[in-house]
Every structure is written in structure tokens, then in C-alpha cells.
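Survey of secondary and tertiary structure
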Amino acid sequence: MKRLVIWAAVLLALLGFSSCAKKVTIIVDKLPPNTPEFASIFVTGNFNYWDASDRLFLLKPNENGKLTLELPYGWGNAEFKFTRGDWKTVEKDLCGQEMNNRVVSYLKNNTIHVTISSWADLGPTDCEKAVLSIKVPPETPKNARLYVAANLNDWDPGDTSYCIHPNEKGEYFALVEKHEGTIEFKFTRGGWESEELDADRNPISNREFVLGKQDTVVLEVAAWKDIVPGLECKEITFRVKTPKTTREQDEIYISGTFNDWKPNDETFKLKPEKKNLYSITIVKPEGPMKFKFTRGSWQSEEVNQYQEPIENRQFITNADTVNLHIIGWKDRNVRNMH
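The present account deals with the structure reproduced in this document. Every value quoted in this text rests on a predicted model; they were computed, and no experiment measured them.

Considerations on the overall build of the protein chain
- A count of helices and strands for the protein chain gives one helix and 27 strands.
- Considering only contacts within the protein chain whose residues lie at least 6 apart along the sequence, 72% involve residues at least 24 apart.
- For the protein chain, the accessible surface area stands at approximately 19,800 Å², while carbon and sulfur atoms represent 50% of it.

What about the side chain of Ser-133?
- Within the secondary structure, Ser-133 sits in strand S10 (residues 129–135).
- According to the relative accessible area criterion, Ser-133 is buried, its value standing at 14%.
- Ignoring any residue separated from it by four or fewer positions in sequence, one finds Ser-133 in contact with Tyr-172, Phe-173, Val-217, Val-218 and Leu-219.

Here's the deal with the environment of Ile-327
- Among the structural elements, Ile-327 can be located in the loop between strand S26 (321–325) and strand S27 (328–329).
- Spatially, the C-alpha atoms of Ile-327 and Asn-304 are 5.7 Å apart, while their sequence positions differ by 23 residues.

With respect to the environment of Ala-174
- Position of Ala-174 among the secondary structure elements: in strand S13 (residues 172–177).
- For the pair Ala-174 and Ala-130, spaced 44 residues apart in the sequence, the C-alpha separation amounts to 8.2 Å.

Re unusual backbone geometry
- Here Arg-201, not a glycine, exhibits a phi torsion of approximately 65 degrees, which is positive.
- Examined against the element boundaries, Arg-201 turns out to sit in the loop between strand S15 (196–197) and strand S16 (207–210).
- For Asp-260, which is not glycine, the phi torsion reads 60 degrees and is therefore positive.
- Secondary-structure assignment places Asp-260 in the loop between strand S20 (253–256) and strand S21 (271–274).

So, the sheet that holds strand S2 (residues 42–45)
- The sheet built from three strands is open, its strands ordered S2-S5-S7 with antiparallel pairing. Two strands bound the open sheet, and with one partner strand each, they are S2 and strand S7 (102–105). On average, each strand axis in the sheet is inclined to that of its neighbour by 40 degrees, with strand direction left out of account.
- Relative to strand S5 (residues 77–83), S2 is paired through four bridges, and the arrangement is antiparallel. Of the residues in S5, the one forming a bridge with Gly-45 is Phe-80.

Rules used in this analysis
- Residues numbered from 1 in each chain as written.
- Predicted model: local features only at pLDDT ≥ 70, side-chain atom pairs only at ≥ 80, totals over all residues.
- Heavy atoms only, no water.
- Helix = DSSP H or I, 4+ residues; strand = E, 2+ residues; numbered from the N terminus.
- Contact = heavy atoms within 4.5 Å.
- Areas by Shrake-Rupley, 256 points an atom, 1.4 Å probe, with all protein chains shown as cover.
- Buried < 20%, exposed > 50% of the residue type's maximum accessible area, 1.4 Å probe, protein only.
- Pairing = 2+ DSSP bridges.
- Axes fitted to C-alpha atoms, helices over the stretch in contact; angles between N-to-C directions.

As C-alpha cells, then:
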């Protein structure tokens with residue numbers, strides 16, 4: 001009797017499945033106008049393990065010439081998106097931004113009509129806003145924020161209202177409301193010391209953009225004022241000649257923007273080569289490198305011939321070795337060296 005009850009329950013479950021399981025037909029009414037001719041369009045979703053190029057889910061034209069696909073039997077909801085064969089070509093919203101998965105209910109729908117608005121790799125064409133796509137030089141720090149300094153915000157180089165964050169792929173996009181008028185602008189990374197330059201590292205003329213004439217504008221930053229290409233992830237050796245007031249037991253340190261100006265950082269202690277000659281090899285930081293030498297504190301920092309603290313040294317060069325000369329120390333009279 002118990003087995004009979006179990007089999008009855010299984011039979012009822014199967015009958016329930018067969019009565020609830022349905023197919024849904026997807027019809028694409030409109031493709032983005034920049035879709036390549038004869039492009040293969042796929043449906044990818046939770047019904048095919050999100051395979052972006054599954055030939056079983058390739059859209060085919062119906063008798064009206066519209067692309068269509070019949071989803072396999074299912075129940076509940078199906079989640080899906082469209083691609084042209086890989087995730088680099090996945091569909092985006094009207095303005096080229098990431099969109100949520102499409103959802104269709106097997107219970108409520110037999111046929112759904114959809115419009116594909118844009119492709120990730122081709123950009124939007126019908127957005128009510130203009131899309132700025134900004135390419136940055138390879139030496140741009142990872143996850144750096146870009147700022148727009150323009151005649152619209154009194155040329156504020158760090159206006160958070162005009163800040164552009166990179167997406168998960170490190171790409172920069174900005175949406176600008178379309179209306180009549182022209183804006184003049186430049187890009188910075190938060191200040192005029194990090195403004196964009198041209199390929200010859202000269203200040204650029206103000207960029208101009210006429211709102212309302214274009215949907216997608218591709219812009220390219222050639223260089224940054226505070227970053228010299230070629231300095232990233234390479235080493236630099238400083239060979240430092242110290243004054244005669246330097247004693248044999250003294251420890252010499254380099255302190256700067258790369259270690260929060262810590263004057264006695266053991267990681268940045270110089271090695272003695274011979275009397276009054278020290279050296280250190282460090283990784284070149286991104287951007288300009290400002291620094292000074294100390295004997296372990298700011299009471300013993302390097303000074304000029306007038307016993308005054310020197311201006312911060314600055315390193316902007318592609319050289320691998322730099323020779324430097326310390327004139328004197330703050331806590332030892334420079335005249336004693338003569």
C-alpha cells in the first residue's frame with residue numbers, strides 16, 4: 001500500500017510537470033542599426049548554462065523575416081540575454097550600459113517581442129544622451145578616477161560632480177545630456193598637476209563638444225602631466241655622495257612620496273659603497289617622484305650651503321642610474337666640511 005501511494009505521488013508530479021511545462025517563443029522586432037550584416041545572434045541564459053555561442057540557441061528568421069527562437073520546455077522563469085557569439089558582444093541598454101538579465105515567465109507568456117538596443121563592442125546609436133568613451137594611456141594608474149574640468153563647472157579640475165569611474169574592465173564611459181550648445185573641457189585625474197597632455201607632452205587646447213550632434217564620441221588621452229611613460233615598474237639606482245661631516249656609523253635614508261615621507265624607513269636605507277658614497281636601488285613609482293635624504297629624522301635632513309632645508313628633489317627621467325650630491329646635514333654645520 002505504501003509503494004502504491006509513492007508511485008501515485010510520482011505520477012501526479014509528472015502530470016503536474018507536463019501540464020505546467022511550456023515553450024516560449026522569442027521574436028526580435030528590432031536590432032541596433034549598427035549590427036553587422038549577416039551577424040549570428042544567440043540567446044544565452046539559465047537554460048543553457050549561459051553559453052554565449054550555443055548553436056542550439058541561434059536565432060533564425062521566421063516567415064516575416066524577423067529573428068526568432070523557441071525556448072525549450074520549462075516552468076517558472078527563464079533568464080537570458082542576447083549576444084553575437086561571445087560575452088564581448090553581449091547586448092547593452094539604449095545608452096550602452098550594463099543591463100539586468102531579461103526575464104520571461106513560462107506561465108504567463110507564449111510569445112514575447114523584444115528589441116535589442118545596443119551591443120557592448122559597437123556602442124549605442126539611439127541614446128537620448130551622448131556617450132563619451134575615453135581611452136587613457138597605459139601608464140594611467142589602475143582604477144584612477146577621471147575628472148572633467150569645463151566651462152560648465154568653472155574649470156574645477158577635481159569636481160566630484162564631473163567624476164568618471166572606470167567600469168569592471170577598466171574602461172571609462174560618461175553620459176552627457178543632449179541639448180544645444182558647446183562645452184569646452186579637459187580631463188584631469190583630480191588636479192591641474194595631473195591634467196592631460198598631447199603626445200609631445202605639451203598642454204592641449206580645450207576640447208570642444210557640440211551637444212546633440214553625436215551619440216557616441218571616442219576620445220583619447222595621450223599623456224598625463226604627472227606621469228612620464230617608461231618609469232612604471234622599472235628600477236632606478238641612486239648613487240649618493242655625502243658631505244665630509246658624514247660619519248662612518250651614520251645611516252642614510254631616502255624619504256619621499258613613495259613612502260609617505262617616513263625619514264627612517266628601513267626599506268629605503270642606503271648601502272655604503274665606500275667612504276662618503278652610498279647607493280640604493282628602488283622601484284620607480286608611478287608619477288613624479290619627490291624625495292629628500294636624511295640620517296633617520298627630519299632634524300638630520302639634507303640642507304644647502306646656507307644650512308637651509310633644500311626644496312624637494314624631483315625625479316622625472318628614464319635613466320636607470322642617477323648620481324646625486326648632498327651638500328650638508330641640518331644638525332651639522334656645513335662649514336665643518338671645509
